[in-house]
Amino acid sequence: MQQTGTPSARILTQPLVLRGKTLRNRVVFGAHTANMSENGLPGTQHLHYYLERARGGAGMIVVEPQPVHDTAVLTRGNFRPDDDAVIPGFRRITEACKAEGAVMVQQLYHVGQHGDADLSYRPNWSPSGMPSYHDSDGSHALRASEIEDLIQGYIRAAERCREAGFDGVEVWAAYHSLIEQFWRPWSNRRTDEWGGSLENRMRFGRCIIEGIRQACGEDFIIGLSASHAEKDPVALSLDDMAEILCGYDATGHVDYISCGSGSYIDYDRVMPTFVHGEKLSADLTRRLKAQVSHAVVTAESQIRTPDNAESMLRAQEADLVSVVRGQIADPFWGRKVTENRDDDIRGCISCNQMCWGRRSRDYWISCLVNPSAGREHDWGSEGSITPADAPRKLLVIGAGPAGLEAARVAAARGHSVTICEAGAQIGGQFRLAGEQPRRGQVLELLDWYERQFDALGVDLRLNTFVDAEDVAGYGADEVIVATGSLPPETGFQRWLPERDRLDGIGAGNVCSVEDIMRRAVVPGKRVVLLDEGGHWRGSGTAWFLAERGHEVSIVTPDAHIAAELGRTTSDVPLRQTLARAGVRFHTESVIDKWTGHQAAVLSMLTGDTTMIDADTLVLATTNTAFDMLAQDLDATGIACHQIGDCVAPRLAPYAFYEGRKLALHL
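These remarks concern the structure in this document. These numbers were taken from a predicted model, which means no experiment stands behind them. (Residues numbered from 1 in each chain as written. Predicted model: local features only at pLDDT ≥ 70, side-chain atom pairs only at ≥ 80, totals over all residues. Heavy atoms only, no water.)

Details of the overall build of the protein chain
Helix and strand counts for the protein chain stand at 22 helices and 27 strands. Taking 26 Å as the expected radius of gyration for a compact globule of 666 residues, we find that the protein chain reaches 27 Å, a close match to that expectation. With the principal axes as the frame, the protein chain shows a C-alpha extent of 75 × 65 × 45 Å. Evaluated residue by residue, the protein chain yields a buried proportion of 59% over its 666 residues. Counted over contacts in the protein chain with a minimum sequence separation of 6, partners at least 24 positions apart contribute 72%. Of the roughly 24,400 Å² that the protein chain leaves accessible, carbon and sulfur atoms contribute 47%. Between the mean site of the 67 positive side-chain charges and the mean site of the 89 negative ones, the protein chain shows a separation of 3 Å. (Helix = DSSP H or I, 4+ residues; strand = E, 2+ residues; numbered from the N terminus. Rg over C-alpha atoms; globule rule 2.2 N^0.38 Å. Buried < 20%, exposed > 50% of the residue type's maximum accessible area, 1.4 Å probe, protein only. Contact = heavy atoms within 4.5 Å. Areas by Shrake-Rupley, 256 points an atom, 1.4 Å probe, with all protein chains shown as cover. Lys, Arg positive; Asp, Glu negative; His and termini not counted. Charge placed at Lys NZ, Arg CZ, Asp CG, Glu CD.)

In structure tokens form, the structure reads like this:
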């Protein structure tokens, strides 16, 4: 990660004034649903989640959205709409975060036609009764009196925010939410004063903003959140969006405009993963910067690094940058930038597995690389890790995610740590993930661990296989076994549970995805890949092979390819990429037999068999724990801690979690 000048030379670290409130830098922790409320109220978990980012140097924090009406409730963890009971909890948050130097704003939202009746038990309200893109529900076309009720709901919510100590509010109009539904002719087909002409379509948003200004005063910040959805066929054009936003700017009431990407129809760009490029909102922010006269412009959407942020500011494409997932991954992103410690930032890997991936299942959010996210109230601040009462000598065996994180945190607490890795590089199977297309951010994270080990004095020993005798001779006070997992050699398929082995597994030309990504096997031209997991392990390897000119057929028991990636929003663009590369899909199917040069693919729907000619069969089936060392230590009476895949093979988040949790308690 390159550094950009000195702190004083950076625009990113310069202050900016909004309505008399000074942002200490240009870094915004933007609004996102953390989903942590307790019976609809902000509680201790929320407090410490936001306080950690305030301590970490964010110039402005936009607290997650407050529904402005009971028809706006979208998640289990939403705050209570139109209820003064939320004020004391928010006041605790604003007072604590402002004491740490952050300007505090709260977002106000209504998703309109894209609601969720499972949670709200109310019909979705929209300008013209258009259908939801959240599910298959329709919506209720608003009556004029109901429109007035909603406007007052926004104003009352803003007044509640002011009473709770917020410095302002952000009015959410992004992603084709309710306000944008009024803007778009496609979703606003009204013929009264709220539809038709541009002036009429802008009226709903203008009444909200002007009402908030009148109710909350001239010293109250008002932001407006918008987005451009370039892949949405019925979206407003860049010209139309700029005209609308500049119209609001001309009133002088809007102090900043925050620009994202995507919509409910162009959904995978709302929280873009690594399959997309970076700085996705630059076209809109660049246009606005050239046209607005009052509001400052905030850029969102895949601005991961300080260099990305600084480049947008220097090119005058934005005045502020919203770094959300980056500050979930490293809450001290802002402070480290200010202190010119870019190399110390733990970078987001743009995977969405535990932030949006958990939120999409209606859990509170966390982070794959930072398991403390959402647990700050329980595990404490990363900025002040509690030193160990009695520093001890620790031996960690295995430098995959679990071992790396255990070693890092234990060393940060003052323990003397040696970590041994049998391979030539750290990372284990996580490194193999980083070798897949567009996943270089994983390798950047592993480089970060090596820098951390150097700074903390961790003794990293590569190419070092450790057995029970070696452990006994080392004389560690604590032994941590993180030896990971291995692919099975049986070809067992979960949806053929009566067969312990794949018929024909001994016919040859069979390997695992790990073999492919390690370059341990050179596959033939024609490849059949059995993907039982629906994650990147299988489909990412298929992409890797297709890029290298192999003819790839994926067989999966799931109803669609990359099924488990649906929670991350990366599944659709991944399938599009694979399809364009000529990869063939065989869904709801298993492999009945392998002959060494043909796969008999059995449909789970019809029972029909299709023969596929292939040179190589690649397996992405469930791994088995490599716990031999732990068993040997147990047999010799040496106590150890087991973490990660050697306990049970799982996804990477749980390895990072177990590594950190153990190290915090040793």
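Looking at helix α14 (residues 401-412)
Between its first and last C-alpha, α14 extends 17 Å over twelve residues, near the 16 Å set by a 1.5 Å rise per residue. With eleven of its twelve residues buried, α14 lies for the most part within the structure. Taken residue by residue, α14 has P401, A402, G403, L404, E405, A406, A407, R408, V409, A410 and A411 as its buried positions. Lining the buried residues of α14 we find β13 (393-397), β14 (416-420), α15 (429-434), α16 (440-456), β16 (478-481) and α22 (652-665). Among the residues trailing α14, G414 stands out with phi positive, at a value near 105°. (Expected span 1.5 Å × (residues − 1).)

Topic: the packing of helix α19 (residues 536-547) against helix α20 (residues 571-580)
Two measures define how a pair of helices packs: the angle their axes make with one another and the distance between the axes. One way to put it is that α19 packs onto α20 with a least axis distance of 10 Å and a crossing angle of 35°. In terms of crossing hand, the pair formed by α19 and α20 is left-handed. Only L574, T577 and L578 of α20 make contact with α19, whose side of the interface consists of W536, S539, A542 and W543. Here the residues of the contact of α19 with α20 sort into five nonpolar, two polar and no charged. (Axes fitted to C-alpha atoms, helices over the stretch in contact; angles between N-to-C directions. Left-handed = near helix turned anticlockwise from the far one by under 90°. Nonpolar A, V, L, I, M, F, W, Y, C, P; charged D, E, K, R; others polar.)

Observations regarding the state of the cysteines
Here is the idea: a disulfide is a covalent bond, and it sits between the sulfur atoms of two cysteines. Considering all chains together, one arrives at zero disulfides under this definition. In this structure C355 is not part of a disulfide, and its nearest cysteine sulfur, from C351, lies 6.2 Å away. Relative accessible area serves as the criterion here: at 13%, C355 is assigned to the buried category. (Disulfide = S-S within 2.5 Å.)

Structural notes on unusual backbone geometry
With phi around 55°, D82 is a residue other than glycine that occupies positive phi space. Looking at the secondary structure, you find D82 in the loop between β4 (60-67) and α2 (87-99). Judged by relative accessible area, D82 falls into the partly exposed class, the value being 37%. For N352, which is not glycine, the phi dihedral falls at a positive 65°.

Brief notes about the nonpolar core
Of all hydrophobic cores here, the largest spans 112 residues; its most connected members are F204, I212 and L288. Looking at which element gives the most residues to this core, the answer is helix α4 (residues 144-163), with eight residues. Non-local contacts of F204, meaning those with residues more than four positions away in its chain, are made with I147, L150, I151, Y154, L178, I179, F182 and W194. If you look at the next biggest cluster of nonpolar residues, it comprises 25 residues, including W536, I554, L574 and L578. (Core = buried A, V, L, I, M, F, W, Y, C linked by side-chain atoms within 4.5 Å.)

Considering the sheet that holds strand β18 (residues 510-512)
An order of β18-β25-β19-β20-β21 is seen for the five strands of this open sheet, with the pairing classed as parallel. Of all the strands in the sheet, the pair left with one neighbour each is β18 and β21 (584-586). When strand polarity is set aside, the average angle formed by the axes of neighbouring strands in this sheet is 25°. Where strand β19 (residues 526-531) lies against strand β25 (residues 616-620), five bridges are found, and the strand directions are parallel. Across the sheet, residue L529 finds its bridge partner in β25, namely V618. Each of β19, β20 (551-555) and β25 touches α19; the most contacted strand, β19, lies at about 165° to it. (Pairing = 2+ DSSP bridges.)

Structural notes on helix α8 (residues 282-289)
Buried within α8 we find A282, L284, T285 and L288. Considered in projection along α8, the buried side chains sweep an arc of 165° and stay on one side of the axis. On the buried face of α8, the contacting elements are β9 (221-228), α7 (238-249), β10 (256-261), β11 (296-299) and α9 (306-314). (Arc of directions from axis to C-beta.)

Concerning the sheet that holds strand β12 (residues 320-322)
Within a sheet, each strand pairs with its neighbour through backbone hydrogen bonds, oriented either parallel or antiparallel. Here eight strands make up a closed barrel; going around it, the order is β3-β4-β5-β8-β9-β10-β11-β12 and the pairing parallel. Pairwise comparison of adjacent strand axes, ignoring direction, gives a mean angle of 30° for this sheet. As paired strands, β11 and β12 are joined by two bridges and run parallel to one another. The residue bridging T298 from the neighbouring strand is L320, located in β12. Against the sheet, α4 makes contact with β5 (103-109) and β8 (168-172), and its axis sits at roughly 160° relative to β5, the strand it touches most.

Comments concerning a negative patch on the surface
Judged by side-chain charge, D467, E469, D470 and D632 come together as a negatively charged surface patch. Along the chain, E469 falls in helix α17 (residues 468-474). (Patch = residues over 30% accessible without salt bridge, like charges linked within 9 Å, V, L, I, M, F, W, Y side chains within 5 Å. Salt bridge = Lys/Arg side-chain N within 4 Å of Asp/Glu carboxyl O.)

Here's the deal with the pairing of strand β24 (residues 609-613)
Remember that side chains alternate between the two faces of the sheet whenever the strand is regular. The pairing of strand β23 (residues 598-603) with β24 spans five bridges and is classified as antiparallel. The partner of A599 across the bridge, within β24, is I612. Between β23 and β24, which pair antiparallel one after the other, the connecting turn spans five residues, and G607 there sits at a positive phi close to 80°.

Focus on the side chain of D255
Residue placement: D255 occurs in the loop between α7 and β10. Each residue touching D255, except ones within four places of it in the same chain, is listed here: L18, R19, R213, F220, I221, I222, H294, A295 and V296.

What to know about the side chain of R439
Within the secondary structure, R439 sits in the loop between α15 and α16. No salt bridge forms around the buried R439; measuring N to O, its nearest opposite-charge neighbour E435 is 11 Å away. Of note is the side chain of R439, whose polar atom sits 3.2 Å from the side chain of Q436. (Polar contact = N/O pair within 3.5 Å; in protein donor to acceptor, adjacent residues only side chain to side chain.)

Any functional reading would require information beyond the geometric quantities listed.
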